[in-house]
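Commentary on secondary and tertiary structure
Chain residues, written in single-letter form:
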Amino acid sequence: MKFKYFLIFLLLIYKQGLSQNTITLSRPKLVVGIMVDQMRWDYLYRYYDRYKTNGFKRMLNEGFSCENTYIDYIPTVTAIGHTTVYTGSVPAIHGIAGNDFILNSTGATVYCTDDSTAKTVGSTSKEGEMSPKNLLVTTITDELKLATNFRSKVIGIAMKDRGSILPAGHTANAAYWFDNLTGNWITSTYYMNQLPPWVTKFNDQKLVEKYLQQDWKPLYDIKTYVQSSPDSNGYEGAFAGMTSAVMPVKTSAMAKNNFDLIRTTPYGNSFTFDFAKSAIESEQLGKGSQTDFLAVSLSSPDYVGHRFGVNAIETEDTYLRLDKDLADFFTYIDTRIGKGNYTVFLTADHGAAHNAGFLTDNKMPAGLFAGAAAFKNLNATLDSIYHINNLVLSLLNSQVHLNFAAIKKNKLDEGAIQKDCIKVLKTLPGVAFVVDMEKVAESSIPQELKSRIINGYHPERSGSIQLVLQPGIYSGSKTGTTHGSWNSYDAHIPLVWMGWGIRHGNTSRQT
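Below: a short report on this structure. Keep in mind the model is a prediction, meaning the values are calculated, not measured.

Considering the arrangement of structural elements, one finds T315 in helix 13 (residues 313-338). Note on T315: relative accessible area 4%, which makes it buried.

Quick look at the pattern of salt bridges now. Enumeration according to the criterion identifies 13 salt bridges in this entry. A salt bridge links R40 to D42; the nearest nitrogen and oxygen atoms lie 2.9 Å apart. Between D334 and R58 there is a salt bridge; the shortest N-O distance is 2.8 Å. Taken together, the positions of D334 in helix 13 and R58 in helix 3 (residues 56-62) put the pair 276 residues apart, joining distant regions of the chain. Side by side, D334 and R58 carry an identical accessibility label, which is buried.

Turning to the nonpolar core, a few remarks are in order. Residues I34, Y176, F271, L294, F329 and F330 are the most contacted members of the largest nonpolar core, which totals 104 residues. It is helix 13 that provides the largest number of residues to this core, a total of 10 residues. Aside from chain neighbours lying at most four places away, what touches F329 is V32, I34, F273, A276, K277, I280 and L294. Counting 25 residues, the second largest nonpolar core, distinct from the first, contains I407, I422, L425 and L469.

Pairing within the open sheet is antiparallel, and its four strands lie in the order 12-13-15-14. The open sheet has two edge strands, strand 12 (392-394) and strand 14 (431-436), and neither has a second partner. Neighbour to neighbour, the strand axes of the sheet diverge by 30° on average, direction disregarded. The pairing of strand 13 (residues 399-402) with strand 15 (residues 465-469) spans two bridges and is classified as antiparallel. Its bridge partner lying in strand 15, V400 is registered against I465.

Right, let's talk about the pairing of strand 13 for a bit. Residues Q399 and H401 of strand 13 are buried on one face, and the alternating residues V400 and L402, pointing to the opposite face, are buried as well. Pairing between strand 12 and strand 13: two bridges, direction antiparallel. Its bridge partner being in strand 13, S394 is matched across the sheet by H401. The turn linking strand 12 back onto strand 13 is made up of four residues, and N397 within it adopts a positive phi angle of 60°.

Right, let's talk about the packing of aromatic side chains for a bit. For the structure shown, the criterion picks out 27 aromatic pairs. Note on F345 and W497: the rings are 5.5 Å apart at their centroids and 50° apart in plane angle, and the pair reads as tilted. With F345 in strand 10 (residues 342-348) and W497 in strand 18 (residues 495-499), the pair connects residues that are 152 residues apart, well separated along the chain. Taking relative accessible area as the criterion, F345 reaches 9% and is therefore assigned buried. Since its relative accessible area comes to 30%, W497 is described here as partly exposed. One aromatic cluster is present, formed by Y176, F178, W185, W198, F202, F271 and F275 through successive ring pairs.

Cut-offs and rules
Residues numbered from 1 in each chain as written. Predicted model: local features only at pLDDT ≥ 70, side-chain atom pairs only at ≥ 80, totals over all residues. Heavy atoms only, no water. Helix = DSSP H or I, 4+ residues; strand = E, 2+ residues; numbered from the N terminus. Buried < 20%, exposed > 50% of the residue type's maximum accessible area, 1.4 Å probe, protein only. Salt bridge = Lys/Arg side-chain N within 4 Å of Asp/Glu carboxyl O. Core = buried A, V, L, I, M, F, W, Y, C linked by side-chain atoms within 4.5 Å. Contact = heavy atoms within 4.5 Å. Pairing = 2+ DSSP bridges. Axes fitted to C-alpha atoms, helices over the stretch in contact; angles between N-to-C directions. Phe/Tyr/Trp six-rings, centres within 6.5 Å; stacked < 30°, edge-to-face > 60°.

If you want it as structure tokens, here you go:
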């Protein structure tokens, strides 16, 4: 009887196999990843009433939103954010420990995508000497390539090199980024030896100059920007050549040989989408037999935020214009690829803090941390004890990077030096916690913070001590804003999905 039932079981499996062989697996033709650099989660709703139908609102009303998405490591910076989203990993594993990080073996500071063996393609500048060689793991885009035996196409696009290269992964067909010298899209010899004709043709349009000639004026009546501070205030940084940070910004008057200017305007987003659409059409993305992947990062919101801050009319205007750009882009891929044939997700690499002066003026706890003074004080104290200069190389990424070469040469006690550093740093105004990276589990700090420090610590590329500032405290300029902390204003980001395979809805569970 048992053998009889086993034969029936085998026949059922065989029949199921036959039926499965007649089914074509359903896949999206194209996946589009959109990273908005420095987008706080609340921007989805802060300006919701002002968004039109087909941009952010379309994603929220047709797609699926993970409302409680948190970055699970520190520091919260661009390179780590892009890498973590596309690898599903953390700095402790993927090795991108900051925009810049210090190699403990040599003491050398390394930019995340630096590659001296790669040469610029498309310009005479050195801005193309980049590749993903410092990334230690594969990305989802690499895994797509492996899964389709390299038949899928993968292209990365961003004004920032790191925003393009790290999401595109090791095996991308191309990654393109913006060159300040020429105002063109460039790449490196890691990917190709010359630009494709369609990229050269796109660059020949000189769109940067055309955008900057329009000047940056408020999209709507400036009186309607009620979610922002009055235009004239002391919390925002003015452009060079302007006496105050007010709108309109006469970009036409500053545009000559200043292509870099477009980065700090909403036109940088429009320009990036223009290039993305040209890539889809020219590379025939979504038209092959396999799923293709376009990784787009919008860098301009980060430049705007750093200069003007969270509560600026310029920031509100950037997101209102981005909403229009998204709507236009979605309409384009609806037509080009077909609605329901593509999957798109939108997320961010980090958020941003409100300007410290703005907070204190409104009776909220905040302030600036004197990072340069702390660094100087720390080295002076250590010098008085050990009689060796510069035992601390840097406080990069809010971490104490020790001079291991000097420690080894002078046969000093590394553990004693760490204890001395912690003792000094704990006394500084604005400091919440100072943590020995190798003794995080023993520290008297919140469990959530322990986890984020551990996730962010790469033993070969991170400092020996993590400095955690009090909420609202950051090291930076008096104007604009910055990011990097574990607090929700830096770590709570949007994550919205739309299109093929996505049902409408949302979740409030932590993601």
